[in-house]
Amino acid sequence: MTFREINSKMVEATVVPGRRLFSQRGAMLAYRGDVTFTPNIQGGQGGLMSMIGRRVAGEATPLMTVEGSGTVLFGHGGHHVHVIEMTGDTLYVEADRLLAFEGTLQQGTMFMGSQGGVMGLVRGQATGQGLFTTTLQGRGSVAVMAHGGVFEVPITPQRPVHVDPQAYVAHHGDVRNKLSTALGWREMVGRGSGEGFQLELSGNGTVYVQASEEKL
């Protein structure tokens, strides 16, 4: 495991020669050894298209490429940190909740409307969440941030999970998502999250939910 949780708000990453890490800018708290930090404008391992997706999503800050030999302490804004181990599938995570990840993972961008249809678009406009979600695929470790800690909720074919969109952190597995609302179109205008909006996740996988609706 590349990332080790030191406490609820800090992780330690092991950096070895020939293997890169990527982190959110400003996430480095301290380091030991011969480690370098370089701005990465190519969007991690995803190349140009990943970079374009991040820009369209409003994520103007480039990632930092972390290389060398040593250990690095990562944290950001006092937010709680949760480590997810990827075993070959795809993780969907809000870009602003991504703290750091291994360079073995392929990064991309998914347009939420491609899974949620029109309601996927409404999710971004009405709740303040991005229309685009970052994807990480392959094997490796990911450190994500959240308010008040993270709870893993299993998703099964017999039991879909409904999540407040602003409490959503990430999900993985064979999962479909759509936004449903108990309000009419006129009532939705200008509204934020709450009982009126529900992000429904169905299929087989796991969703990571933060303990607060506060945005990062």
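Residues numbered from 1 in each chain as written. Predicted model: local features only at pLDDT ≥ 70, side-chain atom pairs only at ≥ 80, totals over all residues. Heavy atoms only, no water.

Chemist: Talk me through the overall build of the protein; I want residue IDs and the actual numbers.
Modeler: What the protein contains, in helices and strands, is 3 helices and 13 strands. For the protein, restricting intrachain contacts to residue pairs at least 6 apart in sequence, the fraction spanning at least 24 positions comes to 81%. Element-wise, carbon and sulfur atoms account for 52% of the exposed surface of the protein, whose accessible area totals about 10000 Å². (Helix = DSSP H or I, 4+ residues; strand = E, 2+ residues; numbered from the N terminus. Contact = heavy atoms within 4.5 Å. Areas by Shrake-Rupley, 256 points an atom, 1.4 Å probe, with all protein chains shown as cover.)

Chemist: Residues and numbers for the confidence of the model for the protein, please.
Modeler: Taken as a whole, the protein shows an average pLDDT of 79; of its residues, 69% reach a score of 70 or greater. Mean pLDDT in the protein bottoms out at helix H2 (residues 113-127), which sits at 45, and peaks at strand E2 (residues 10-15), which reaches 96. Of the regions scoring below 50 in pLDDT, residues 46-61 engages in 28 contacts with residues more than four places distant in sequence or in other chains. Throughout residues 116-130 the model reports pLDDT below 50, and contacts reaching past four residues in sequence, or to other chains, amount to 44 contacts. (pLDDT = per-residue confidence, 0-100.)

Chemist: Tell me about the pattern of salt bridges, and name the residues and values.
Modeler: Applying the stated rule across the entire model yields 3 salt bridges. When the shortest N-O distance is used, the salt bridge between Glu12 and Arg4 registers 3.0 Å. Classification of Glu12 by relative accessible area gives buried; the value is 12%. The partner of Arg19 in a salt bridge is Glu102, and the shortest N-O contact between them spans 3.2 Å. In this pair, Arg19 sits in the loop between E2 and strand E3 (21-24) while Glu102 sits in strand E7 (residues 98-102), placing the two residues 83 residues apart along the sequence. Judged by its relative accessible area of 8%, Glu102 is buried. A network of salt bridges, in which partner residues are shared, links Arg4, Glu12 and Arg32. (Salt bridge = Lys/Arg side-chain N within 4 Å of Asp/Glu carboxyl O. Buried < 20%, exposed > 50% of the residue type's maximum accessible area, 1.4 Å probe, protein only.)

Chemist: So, the environment of Thr38: which residues are in play, and what are the values?
Modeler: Tracing the backbone shows Thr38 in strand E4 (residues 28-40). Exposure remark for Thr38: the relative accessible area of 39% places this residue in the partly exposed category. Considered as a pair, Thr38 and Glu67 are 29 residues apart in the sequence and their alpha carbons are 8.5 Å apart. Setting aside chain neighbours within four positions, we find Thr38 in contact with Leu63, Met64 and Thr65.

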